[in-house]
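# Secondary and tertiary structure notes
Here are the chains, one letter per residue:
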Amino acid sequence: MSNKLFEGIRAIDFGNQVSGPLSTAMLADFGAEVIKVEKPGFGDESRNAGPYVDGEGMNFIWLNRGKKSLALDVKSPGGKEVFLDLLRNADVLVESMRPGVMARLGLSWEILHPMFPRLIMCSASGFGQTGPYKDLPGYDMIAQAVSGLMYINGYPDKNPLRIGPSVCDYDCAHNCFGAISAALYYREKTGRGQHIDLSIAECGVAINDHIPGGFVNPEMTRSGNHNAILGPYGIFSGKCGSIALAAINPKFWGALCNLIGRMDMLENPDLSDPGVRARDPALSIVVEAIEKWICTFDDIAEVERLIQDAGIPCARIKTLKDLENDPHFLERGDIVDIPTPKLSVPSIRAHGEHIHFSETPAVIGPAPLLDEHRNYVLGELLGYSKEKLQELTAQGAFGNECAAEKGR
């Protein structure tokens, strides 16, 4: 029995940028064969965003690990024919076009489902396939704004802040992976495929845990480095750096007061409630006491060790460079070396797979060069003859051959 979770599953990645491509990369990690269909001569937009290794975008390498690439102009008659032939042998189609584009290409769910009733189609867009916002262009920053995430991020006396990582894009990708897995299970039971409609904006709404409270309390807003509801739960700084610390239940609160030599705070009834400790004047008292203690140290790692030894949840604020060789994440495969056999370096260090199955572990494969697998897809997979390939080329299936040749 194979230890590849999705062995025998073939997915067509017709996505771009983050959400769609990352979801199919995760399918590839667990054994699916993923054919990435890209624009001839240009490819996925993330190929052309730095930092670069030998001209290949590092984000592309990570977002498209383990896939095969075919450059195809689906707007041409020949390109559309090839695309439909791919779908005849596919289980999953992932697309991240703006709503309406697939219909104009003659590739909408309404058209494809009668032709391929077992096909699972996942659409990842800015705002979803329906609703008043569906035609608006969407990026992660836009999703952060419209979902209220940006509104509650930052300091109360300053303007809203964009969250640094593309949290909505990535959450959408993870939801796509989960939804596709569920749809494959449903198909196993019923034999029927289905359409999955996910949007980065709705994923932003889904992870915004301030929404219910904000409906009840319209004045709820940004709370900076400290939680607006419970405390102490925030970031505390000294001359040696900063640390994230959570001491909201009685056990942790008592251990913290003992550690920093402030048992008077533990005995103070005005500081006994974690909800009260999240607001001034109690919050300022607690922050001052903790940061005064931190300032007695010259090494934030020592502060972290003492707090952790006391059994209190905490972590010093690590830099991105710290993560490169973090022993925990390296051991668990969250940071890995992705092979790059076609480049001048053997690998690049990046994220790994964060889902850990005991029976079907992830295997991280290399990302493809643009159109690298044309011969495999058209010859071995689809079985096209030389004459058929000439016919398709004449119909513009592969775009500008000179540009495509550069990627093969």
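Residues numbered from 1 in each chain as written. Predicted model: local features only at pLDDT ≥ 70, side-chain atom pairs only at ≥ 80, totals over all residues. Heavy atoms only, no water.

## Observations regarding the packing of helix α7 (residues 167-190) against helix α8 (residues 200-207)
Closest axis-to-axis distance for the α7/α8 pair is 8 Å, and the angle between their directions is 95°. Classed by the angle they form, the pair α7 and α8 counts as roughly perpendicular. Facing Cys 168, Asp 169, Asp 171, Cys 172 and Asn 175 of α7, the residues of α8 in contact are Ile 200, Cys 203, Gly 204 and Ile 207. Taken together, the residues that form the contact of α7 with α8 break down as 5 nonpolar, 2 polar and 2 charged. (Axes fitted to C-alpha atoms, helices over the stretch in contact; angles between N-to-C directions. Helix = DSSP H or I, 4+ residues; strand = E, 2+ residues; numbered from the N terminus. Parallel < 35°, antiparallel > 145°, perpendicular 65-115°, else oblique. Contact = heavy atoms within 4.5 Å. Nonpolar A, V, L, I, M, F, W, Y, C, P; charged D, E, K, R; others polar.)

## Observations regarding the sheet that holds strand β6 (residues 92-95)
In space, the 6 strands of this open sheet follow the order β5-β2-β1-β6-β7-β8, with parallel pairing throughout. With partners counted over all chains shown, the strands left at the sheet margins are β5 (68-71) and β8 (195-199), one partner each. Looking at each pair of strands side by side, their axes are set apart by 20° on average, direction ignored. Helix-sheet contacts for α8 involve β7 (120-125) and β8, and the interaxial angle to β8 is about 70°. (Pairing = 2+ DSSP bridges.)

## What about the layout of surface pockets?
Its volume calculated, the largest pocket comes out at about 1200 Å³. As for the largest pocket, its lining consists of 45 residues, and the residues nearest its centre are Asn 16, Gln 17, Glu 45, Ser 96 and Tyr 139. When contributions to the lining of the largest pocket are tallied by element, the ones reaching two or more residues are α1 (19-29), β2 (33-38), α2 (58-63), β7, α6 (140-146) and α7. The leading source of residues in the lining of the largest pocket is β2, at 3 residues. Per-class residue counts for the lining of the largest pocket are 20 nonpolar, 13 polar and 12 charged. Here the second largest pocket defines a volume of roughly 880 Å³. Along the wall of the second largest pocket there are 23 residues; nearest its centre are Leu 320, Leu 323, Ile 335, Ala 350 and His 351. Looking at the lining of the second largest pocket, the elements that each hand over two or more residues are α1, α2, α7, α15 (320-324) and β13 (347-351). (1 Å grid on protein atoms, 1.4 Å probe; cavity = no way out; pocket = protein on both sides within 12 Å on 5 of 7 lines; lining within 4 Å. Points joined across faces, edges and corners; volume = space filled by probe spheres on them.)

## Notes on α1
In terms of burial, α1 is a largely internal element, 11 of the 11 residues being buried. For α1, the set of buried residues is Ser 19, Gly 20, Pro 21, Leu 22, Ser 23, Thr 24, Ala 25, Met 26, Leu 27, Ala 28 and Asp 29. In the segment just after α1, Gly 31 is the residue with positive phi, at about 105°. (Buried < 20%, exposed > 50% of the residue type's maximum accessible area, 1.4 Å probe, protein only.)

## Some remarks on the sheet that holds strand β11 (residues 314-316)
Reading across from one edge, β9-β10-β11 is the order of the 3 strands in this open sheet, with antiparallel pairing throughout. Only two strands of the sheet have a single partner each, and these edge strands are β9 (233-238) and β11. The mean inter-strand angle of the sheet, taken between neighbouring strand axes irrespective of direction, is 20°. Sheet analysis places strand β10 (residues 241-246) next to β11, joined by 3 bridges and oriented antiparallel. Bridging from a neighbouring strand, Ile 243 pairs with Arg 316 of β11.

## Considering the nonpolar core
By size, the foremost hydrophobic cluster in this structure holds 44 residues, and its most contacted members are Phe 6, Val 92, Ile 180 and Ile 338. In terms of residues, this core owes the most to one element, α7, which gives 8 residues. If we skip the residues at most four places from it in the chain, Val 92 touches Ile 9, Arg 10, Ala 11, Ile 12, Leu 119, Ile 120, Ile 180 and Leu 184. Among the nonpolar cores identified, the runner-up in size contains 31 residues, and Val 74, Leu 84, Phe 116 and Met 121 belong to it. (Core = buried A, V, L, I, M, F, W, Y, C linked by side-chain atoms within 4.5 Å.)

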